[in-house]
Amino acid sequence: MMKNILLICLLAFSFNSFGQNSYRIENQIWNYNKPSEYISRVDNFEKDRKTGEEYVKKQNDGTTLSTDDKILFSIAKSDSTQINIVLASYKGNGNIERFTLKGYAEKLGEYFKVNPKNDDPKIIVNVSVSEVVIDQTKFYLISKTTNYTEQNYSYTSDYYVSEIQGKEFSIAAVYDNETDKQKIEKSILESTFE
């Protein structure tokens, strides 16, 4: 009996140590394993939201923010605050109903090409839109790479978007090196739905 209890405790600890979490999106469950060396940023949700609001206001292009976002998590590499991060959320699907999922992804791609507004020829921005399947669920990946040629520095913002249970489900990731890119991509592409 004691061996069984120890075995159950050991198994429970093993599952928790891998970092898998399950998140409810309406009636669907999304299972996600965060990359190693990444930690939760629970206390930064409000800061992230305010940063987004300030960014949209600065654009002054008529864009408005959603008011029904449900943030599932925000994680970052343990030694980082603004780069090498992942955030998952869902909200109403008004944009998908209006444009279709593909049309909405294409509109986001066009938006990312011109925002933030920058006419500096030393900054090169590349945006691509592609279809990705994660556990038999179709997503569109809008990937934006910003290259600061003078500083020899670049970073990529990936935005995965899908419609799950009548909601717009998105995963946003920002990274600036190949190792973190591979860890983040693997964690997202190997996630599952049930």
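Refer to the structure above for everything that follows.
To keep things clear, this report deals only with the structure shown in the data block. (Residues numbered from 1 in each chain as written. Predicted model: local features only at pLDDT ≥ 70, side-chain atom pairs only at ≥ 80, totals over all residues. Heavy atoms only, no water.)

## Let's talk about the overall build of the protein chain
Argument step 1. Assigned secondary structure in the protein chain consists of five helices and ten strands.
Argument step 2. Residue burial in the protein chain is summarised as follows: out of 194 residues, 36% are buried.
Argument step 3. Here the analysis covers contacts within the protein chain between residues at least 6 apart in sequence; of these, 54% occur between residues at least 24 apart. (Helix = DSSP H or I, 4+ residues; strand = E, 2+ residues; numbered from the N terminus. Buried < 20%, exposed > 50% of the residue type's maximum accessible area, 1.4 Å probe, protein only. Contact = heavy atoms within 4.5 Å.)

## Topic: the side chain of Ser143
Argument step 1. Structurally, the position occupied by Ser143 is in strand S7 (residues 137–148).
Argument step 2. Judged by its relative accessible area of 14%, Ser143 is buried.
Argument step 3. There is a polar contact of 2.6 Å between the side chain of Ser143 and the side chain of Asp158. (Polar contact = N/O pair within 3.5 Å; in protein donor to acceptor, adjacent residues only side chain to side chain.)

## Concerning the pairing of strand S6 (residues 123–134)
Argument step 1. Here S6 runs beside S7; their pairing, made up of twelve bridges, is antiparallel. From the neighbouring strand, Val125 faces S7, where its bridge partner is Thr146.
Argument step 2. Where S6 folds back on S7, the antiparallel hairpin that results is connected by two residues, among which Asp135 adopts a positive phi of roughly 50°. (Pairing = 2+ DSSP bridges.)

## A look at the nonpolar core
Argument step 1. Ranked by size, the top nonpolar core spans 24 residues in total, and within it Trp30, Leu72, Phe73, Phe169 and Ile171 carry the most contacts.
Argument step 2. Of the residues forming this core, the biggest block, four residues, is contributed by strand S9 (residues 167–175). (Core = buried A, V, L, I, M, F, W, Y, C linked by side-chain atoms within 4.5 Å.)

## A few points about the layout of surface pockets
Argument step 1. Computed from the structure, the second largest pocket encloses a volume of approximately 280 Å³.
Argument step 2. In this structure, the second largest pocket is lined by 14 residues; those nearest its centre are Asn33, Lys34, Lys186, Ser187 and Glu190.
Argument step 3. Every element with two or more residues in the lining of the second largest pocket is listed here: strand S2 (28–33) and helix H5 (178–189).
Argument step 4. Considering only residue class, the lining of the second largest pocket consists of three nonpolar, seven polar and four charged. (1 Å grid on protein atoms, 1.4 Å probe; cavity = no way out; pocket = protein on both sides within 12 Å on 5 of 7 lines; lining within 4 Å. Points joined across faces, edges and corners; volume = space filled by probe spheres on them. Nonpolar A, V, L, I, M, F, W, Y, C, P; charged D, E, K, R; others polar.)

## A look at helix H4 (residues 101–114)
Argument step 1. An ideal rise of 1.5 Å per residue puts 20 Å on 14 residues; H4 measures up with 21 Å between its terminal C-alpha atoms.
Argument step 2. Of all the residues in H4, the buried ones are Leu101, Gly103, Tyr104, Ala105, Leu108, Gly109 and Phe112.
Argument step 3. Check the buried side of H4 and you find it contacts strand S5 (85–92), helix H3 (94–99), S6, S7, strand S8 (153–164) and S9. (Expected span 1.5 Å × (residues − 1).)

## Quick notes on the sheet that holds S2
Argument step 1. A sheet is described by the order of its strands in space; here three strands give the open sequence S1-S2-S10, paired in antiparallel fashion. Strand pairing shows two members of the sheet lacking a second neighbour, strand S1 (20–25) and strand S10 (192–193), which therefore form its edges.
Argument step 2. Here S1 pairs with S2 via six bridges, running antiparallel. Looking across to S2, one finds that Arg24 is bridged to Ile29.

## A short note on the environment of Lys102
Argument step 1. By the secondary structure assignment, Lys102 is in helix H4.
Argument step 2. Residue Lys102 is classed as partly exposed on the basis of its relative accessible area of 47%.
Argument step 3. Expressed as a C-alpha distance, the spacing of Lys102 and Glu131, which sit 29 residues apart in the sequence, is 8.7 Å.

## Description of the sheet that holds strand S3 (residues 38–40)
Argument step 1. Spatially, S3-S4-S5-S9-S8-S7-S6 is the arrangement adopted by the seven strands of the open sheet, whose pairing is antiparallel. Only two strands of the sheet have a single partner each, and these edge strands are S3 and S6. With strand direction ignored, the average angle separating the axes of adjacent strands in the sheet is 20°.
Argument step 2. Bridge analysis of S8 against S9 gives nine bridges, and the strand direction is antiparallel. Pairing of Tyr159 across the sheet is with Ala172, part of S9.
Argument step 3. Running over the sheet, H4 touches S5, S6, S7, S8 and S9 and is turned about 5° from S7.
Argument step 4. In the packing of H5 onto the sheet, contacts are made with S3, strand S4 (70–77), S5, S6, S8 and S9, and the angle to S9 comes to roughly 160°. (Axes fitted to C-alpha atoms, helices over the stretch in contact; angles between N-to-C directions.)

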